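Listed below are the residues making up each chain.
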Amino acid sequence: MSPRLLIVEDEVPLADSLRAGLAREGYEVDVVYDGASAVTMLSQGSWDIVVLDRDLPVLHGDFVARFLRDQHSPVRLLMLTAAAEPSDEIAGLDLGADDYLTKPFDYDVLLARLRALARRIGEPPGGYELGALRVDPRARRVWLDDVEVHLRPREFAVLLELLRAGGAAVSPASLFDSVWGPEDPTDEAVVKTVIHSLRKKLGADSITTIHGVGYRMDP
Ligand code: CA
């Protein structure tokens, strides 16, 4: 699966050339040009890596970084900045950035940093634990109160997408794209059906509906 990348950069030519270049490298790339759009996107979908310019219009990059940290988002954060002061770097890392690159940066260096972050994407070593629910992504097994629950492959895949979002809401469209694939002719309503059967198996309260946004599992 290609790492999903969100680029948040207000210099449109730079953002667009990064989009084209990184898509060629095999990343699935989305771009937004201001901090408020980034927060909207990040609360509705999930990405593996966010490349975040610090100096952004509408909402500052530090606000976006703080938002991700407060959401306990599992997303890897690479911050870009024009500021070269060491104190700025420390501030970025304090805000939860995994890495930091000063503008103007070398494109090959960016690629190397992204590859390093992509290697760190993965499931938590001990799997996921949410209250009475335990999920082992590698073994594809699920337990509720230490009793194994048998999920069908689509149910398991949807559950994993919700867990990976780390408590953020995931839209039905994003779940559909991740689990069925954007080319699948199946109707998006299947997402609702799978959520329904997951609630039957894992408890009615296991998945919260956020009206008009999507579904969420509280961490
Ligand atoms: Ca900027």
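Please refer to the structure placed before this passage.
Heads up: these notes are all about the structure in this document. (Residues numbered from 1 in each chain as written. Predicted model: local features only at pLDDT ≥ 70, side-chain atom pairs only at ≥ 80, totals over all residues. Heavy atoms only, no water.)

1. Considerations on the overall build of the chain
Convention followed: Helix numbering and strand numbering both begin at the N terminus, where a helix is a DSSP run of H or I of at least 4 residues and a strand a DSSP run of E of at least 2. Exposure is judged per residue with a 1.4 Å probe applied to protein chains only, and the accessible area is read against the type maximum: over 50% gives exposed, under 20% gives buried, and values in between give partly exposed. Two residues form a contact once any of their heavy atoms are found within 4.5 Å.
Counting its secondary structure elements, the chain contains 8 helices and 11 strands. The buried share of the chain, taken over its 219 residues, is 44%. The contacts of the chain with a sequence gap of at least 6 include a subset with a gap of at least 24, amounting to 54%.

2. Looking at the side chain of S46
Relative to the elements of secondary structure, S46 occurs in the loop between α2 (35-44) and β3 (49-53). The contacts of S46, once residues within four sequence positions are left out, are R4 and E161.

3. With respect to the nonpolar core
Note the cut-off: Buried Ala, Val, Leu, Ile, Met, Phe, Trp, Tyr and Cys residues form a nonpolar core when they are joined through side-chain atoms within 4.5 Å.
V135, V142, V158, L159 and L162 are the most contacted members of the largest nonpolar core, which totals 27 residues. Listing elements by their share of this core, those giving two or more residues are β7 (133-136), α6 (153-164), α7 (172-179) and α8 (190-202). With residues near it in sequence (within four places) discarded, V135 still touches G127, Y128, R141, V142, F156, L159, L160 and L163.

None of this, on its own, says anything about what the molecule does.
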